[in-house]
Structure formats: C-alpha cells, structure tokens
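Structural description and commentary
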Amino acid sequence: MSSTQAEELQGKSANLEKRAADILTRLRSLREQDAPTHGGRVLSYVYDSGLAALDELAADAARLVQPVNGLDPTVFPSTAVMERELVAFAREFLHGAPGTAADRSADTDTDGGEVVVGNVTSGGTESCVLAVKAARDFRGLPPGEGSLVLPTTAHAAFHKAAHLLGLELILVPVDPTSGRVGAHDIATAVRKDTVLIVVSAPNYPFAALDPIAEVAKVARAQSIPLHVDACIGGLALPWWGDLPPWDFRVPGVTSMSVDFHKYGYSPKGVSVLLHRGRDLHRKQYFGLTDWPGYPVVNPTLLGSKSVAALAGAWAISQVLGQSGYAELVSRAQRATRALIDTVQSIDGLRVVGTPVGPLFAVATDDSVPLERRVDPHRWVSAVGARGFVLQGQPASTQSDGTTLPRTTHLTVTPVTESVLGELTSALVLGADDVRGSAAASAPPALAELAGAFERGDVTVADVLALPSDAVAAALTSAGLDPRGSSDSPLDMAAVLAAVESLPREVTKRLLVEFLAGLVEP
C-alpha cells in the first residue's frame, strides 16, 4: 500500500468514527424523550433489578455474541450450550426437572410421563403462539380447525395465536370481583375439538392466580393439554411464599411459559417455553428438507436471529442463581405489600381481588359516595404529573354480560423499594387531585362517532371498510394525529374512554392506524 493510499484510508476511518459519534449523540438525544427505564419511575413495560452490575453483565454478554446467528447451533455451538443451560435452570425452579414432582406425577396420555424439555424464544408472545401451535399439531388437526379455551384475562398473545393458526377462540368469563376463572366454567366451555386450555400464573390485568390444579383436573379428564402462562410470574412466584401448586408439580400441566426479560431482568426479548414430554415439544418445531437450499429446522418462528438476549439471560441466571432471584423477589414483595397497603388506605380507590405476585390493579371504590370516588384513569394522569408512569386498563364486558372494571395496573420491581416514599406520596396526592372528578370523556370527534353508532347511523362494517387515509383523518380530527403534528401530550384517559365507548373492532382499527402512522416514514 502506498503512502497516499494509507493516508486516504486513515482519513476515511477518521470520518467514519466522527459520523459514528454523531449518530450515537443523536441516539442519546432521542432516548431523552423516552420514559426512564431505570429508577422505578415506570410501573409497567420495564423491569429494573436496581443492580447496575446486571445491566453491564448482560451488555457484555450481548457484545460477545453480537455477530452470532442463532439459526444453526451446529455452526455456533455456544448458542446450544446457553439455551440448554437456561432451559434447565427454568425447568428446575418450575419443578419440571427429572426426579421432581412433575416427573413422578405424570401418569396419563396427556402428561406422557416424560421429561420436561423446551426452548428459548424471542418473548412471551412467541412462547404463547408456539405453545398453541404445538398443542394443535399434537392433536393432529389441520390449519383452520380446532378451538382454544381460555379466560377473558389470559394474555392477548393467545388471541394472536388463535388468529394466526385458524383456531376458534372460546373466552370464559372470570369473576369480576376476584378476576379468577372457575374450573367448572372452563369445563363447560371445552369442546371435542379443543386443542388447548390456558390459565395464568398470574394474569396480567388483575394479578389473579387461576385455580390451576382444579382446571388441570378438567384437562386431564378429557385428555386436553393445559398451558400455564407464567410469563410475568414465572420468575417471581417460585419465591413468593406459600401458594397453591401452579407449575409442573400439578399433574395435567403440559406446558409453561416464563419470560426472562421480566423478572429475570434480562434484555428484551427472551422467554422460555417448556413442554412436558418430547413428543409434544417436537410439534413446536418447523422443519423443511423439500427445497433446493439447506435443510431448515426451526424451534421458533424466527430463522436467523440474534442471540444477544439469550446470552444476557444466560449470564444473569448463571450469576444470580435461585438464591439471587429469591433476594430480588423479596425486595419486590416488600414494595408490593407497601403499595397495596397505601392504595387500600386511599379513600375512593380499591385493590382488585387478591393479587398474587409483584403486580396489582386498582379500581374505583364504588362503595363510597360519588364525591369521594377516584377514577383510576384520572388517577394515572395525576400520578404521571408527579413523575410516575402507571398503566390504564379499560373496562370490558364479558360474554355473560358482567363487566370487568376500568383499572390502573402497577408492576412492581425490586428498585421500587428505593423510591417508595416518593411514589407513595404521588399515589396519595394524585388521588387527592382528582377525587370526585368525573371520568374522562372520549375526544369530541370520537364521542360523536360513538353517538352515531348508538343511533344506527353507522355500522362497524362501514368503519372497517374505510381506507387508511380516511381513518387517519378521523384520528387527526379527534386530536390524535399519528404523524405527530400536535404538541399536546397524548391524553390516555380520553383514549381509554374512547376504547370503552366505541365497538372494540372500531377502536382496534383506529389504534392500528395510529401506531402504524407513528413509524411511517
């Protein structure tokens, strides 16, 4: 290489470094607009252990495997080692390891009497979809046939699974007071073509622990697989204390999902899906040799995939072990109990049911006079003004005509304990700010649309037939411009009021357009 060429190369390298620095500076600026991911200010979406060393560990592990393709563990055997060890770790604390109660209790065709095995997936949604896919294929039904039975409180991922796999979704109402489903109601809903029953440990909306042992008896009696969705509770409930059996100790539980990017404190997204028995597990896979390319065998929906999150989860689990997770759970548990006590002392609010795990929901206390009631969505806004982000959940009507209340959801993490004083004050003072205030109304344009539905001037089919530009225009007229031309912050209380007042198929269409518009170039 000549001296001139060397100088040109050095110049290009310096220019690349400067451009890279500029881009990272811009990214830091963009991140400043996000809600804080650490420090306990956001009580949903993010899971902060409070231990910076775990974040650094995960980042270092991810950097080591950054160029690795998880598609083929025969070429990159490190991925097989990490996945195998993470699956074994999850299997152990969920009582599915050989020689445990799960192995000894399996004595029916559904259980199979086999070892618990599984895979790492990209997150809870993929775990849930694959659990349904495996159950359907294990049953031997072709696409477009079969039904899926689950409580109305089961995660939306199972709705997605039914949609993608062509299964009929049978939603079973839960008790509006406790948020739990009844085993008898599940038994009534089951059909001859049911491929899977789903229960939660606990459910996300209300943190209710479904009666898993009772539902498992129903499932075993009819030889139907039973999936326990422990995506949010799977790394908390094992160390929560005295609970009824909810994992592989229960005969009849055939699969479980647990997210390591929640209370495993790993980078998103990483989840573990476990099956009782190799035959059921193998139905999760997709394989193809009947094409001109390389043989394709995928345990997940993705083919080529990053293993960064897997490496982070594996590294953290290796360092913490069960004792480390138990200590973090104890911190989250203390904070959860303190916050529940606080909410129960606030006039006009109530905790929904008997929550299990580090999360709970808050509703209006309808037993007090109107002037003393606190609307949970108004409360979200008031607490947000004091520096903490809570999550509003709309009221919904079940198929039996009962209504699940509008609520506010709080997810509690170990770091929450460090901000309890400030958070408690924000919850109490926020309630004081809005006590006696009426619930928020939908934006005027959407309230007018709701009136048109009530009068019969417009139908759901009319709205669903509109082109995207017309739906975007309707959103803009309602002050919800997906292109972001408005400087006003999004009023989630008004948005949730619209969700409650309009047909759900319509609000789904509106929100799809809004979110699609946010990322449209």
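Residues numbered from 1 in each chain as written. Predicted model: local features only at pLDDT ≥ 70, side-chain atom pairs only at ≥ 80, totals over all residues. Heavy atoms only, no water.

Brief notes about the overall build of the chain
Per the secondary structure count, the chain includes 17 helices and 15 strands. With the principal axes as the frame, the chain shows a C-alpha extent of 75 × 70 × 50 Å. Counting over 521 residues, the chain shows a buried share of 50%. Taking the contacts inside the chain whose residues are at least 6 apart along the sequence as the reference set, 73% of them involve residues at least 24 apart. Total accessible area on the chain stands at roughly 23900 Å², and carbon and sulfur atoms take up 55% of it. With 43 positive and 58 negative side-chain charges, the chain shows a spacing of 3 Å between the two charge centroids. (Helix = DSSP H or I, 4+ residues; strand = E, 2+ residues; numbered from the N terminus. Buried < 20%, exposed > 50% of the residue type's maximum accessible area, 1.4 Å probe, protein only. Contact = heavy atoms within 4.5 Å. Areas by Shrake-Rupley, 256 points an atom, 1.4 Å probe, with all protein chains shown as cover. Lys, Arg positive; Asp, Glu negative; His and termini not counted. Charge placed at Lys NZ, Arg CZ, Asp CG, Glu CD.)

Digging into helix α11 (residues 376-384)
Residues of α11 that are buried: P376, H377, W379, V380, A382 and V383. The N-cap of α11, judged by a side-chain oxygen 3.1 Å from the amide nitrogen of H377 a few residues on, is D375. (Polar contact = N/O pair within 3.5 Å; in protein donor to acceptor, adjacent residues only side chain to side chain.)

Comments concerning unusual backbone geometry
Trans is the common state for peptide bonds, and a negative phi is the common state for residues other than glycine. Note the cis peptide between A201 and P202, where omega equals -10 degrees. Here P202 shows up in the loop between β4 (194-200) and α8 (212-221). Of the consecutive residues K268 and G269, the connecting peptide bond is found in the cis state with omega at -5 degrees. Of note, A207 is a non-glycine position whose phi angle comes to about 60 degrees, a positive value. Within the secondary structure, A207 sits in the loop between β4 and α8. A positive phi angle, close to 60 degrees, is found at Y265, a residue other than glycine. Its location among the elements puts Y265 in the loop between β6 (253-259) and β7 (271-276).

Examining the pairing of strand β15 (residues 407-411)
With 5 of 5 residues buried, β15 is to be regarded as a mostly interior element. Residue alternation in β15 divides its side chains into two sets, T407, H409 and T411 and T408 and L410, and both sets are buried. The sheet contact formed by strand β11 (residues 359-364) and β15 spans 4 bridges and is antiparallel. Residue pairing across strands places V362 opposite T408, the latter belonging to β15. Of the pairings in the sheet, the one linking strand β12 (residues 391-393) to β15 comprises 3 bridges and is antiparallel in character. Opposite Q393, over in β15, you have T407 as the bridge partner. (Pairing = 2+ DSSP bridges.)

A short note on the confidence of the model for the chain
Scored by pLDDT, the chain comes out at a mean of 93, with 95% of its residues at no less than 70. Taken together, the stretch residues 104-112 has pLDDT below 50 and engages in 23 contacts with residues farther than four places along the chain or on a different chain. (pLDDT = per-residue confidence, 0-100.)

So, the side chain of T364
Within the secondary structure layout, T364 lies in strand β11. With a relative accessible area of 14%, T364 lands in the buried category. Ignoring anything within four residues of it in the chain, the contact list for T364 reads G348, R350, R373, V374, D375 and P376.

Side note on the packing of aromatic side chains
Under the criterion given, the structure shown has 10 aromatic pairs. For the ring pair F89 and Y325, a centre distance of 5.9 Å and an interplane angle of 40 degrees mean the geometry is tilted. Of this pair, F89 sits in helix α3 (residues 77-93) while Y325 sits in helix α10 (residues 308-344); the two residues are 236 residues apart in sequence, bridging distant segments of the chain. Note on Y325: relative accessible area 0%, which makes it buried. On the basis of an interplanar angle of 15 degrees and a centroid distance of 6.1 Å, the ring pair of W239 and Y325 is categorised as stacked. Residue W239 is found in the loop between β5 (226-229) and β6, and its partner Y325 is found in helix α10; the two are separated by 86 residues along the sequence. Just as W239 is buried, Y325 falls in that class too. Each residue in the set Y47, F89, F93, W239, F260, Y263, Y265 and Y325 is aromatic and connected to the rest through ring pairs, giving one cluster. Seen from the ring of F388, R41 lies directly overhead, with NZ or CZ sitting 4.4 Å from the centre. (Phe/Tyr/Trp six-rings, centres within 6.5 Å; stacked < 30°, edge-to-face > 60°. Lys NZ or Arg CZ within 6 Å of the ring centre and 35° of its normal.)

Things to note about helix α2 (residues 52-64)
With 13 residues, α2 ought to run about 18 Å at 1.5 Å a step, and its terminal C-alpha atoms sit 19 Å apart, in line with that. Within the span of α2, buried status applies to L54, A58, A61 and A62. Down the axis of α2, the buried set is contained in an arc of 100 degrees. They therefore lie on one face. Summarising the geometry of α2, the exposed residues directed more than 90 degrees from the buried face are A52, A53, R63 and L64. Buried residues belonging to α2 abut α10. (Expected span 1.5 Å × (residues − 1). Arc of directions from axis to C-beta.)

Section: the environment of Q398
Turning to its location among the elements, Q398 is positioned in the loop between β13 (396-397) and β14 (403-404). Expressed as a C-alpha distance, the spacing of Q398 and V174, which sit 224 residues apart in the sequence, is 8.2 Å. Dropping the residues within four chain positions of it, Q398 is found in contact with T152, P173, V174, P176 and L404.

Notes on the sheet that holds β12
Read from one edge to the other, the open sheet built from 4 strands follows the order β10-β11-β15-β12, with strand pairing classed as antiparallel. Of all the strands in the sheet, just β10 (349-351) and β12 have a single pairing partner and so form its edges. In this sheet, adjacent strand axes meet at a mean angle of 30 degrees when their direction is disregarded. Lying on the sheet, α11 is in contact with β10, β11, β12 and β15; it crosses β15 at an angle near 45 degrees. (Axes fitted to C-alpha atoms, helices over the stretch in contact; angles between N-to-C directions.)

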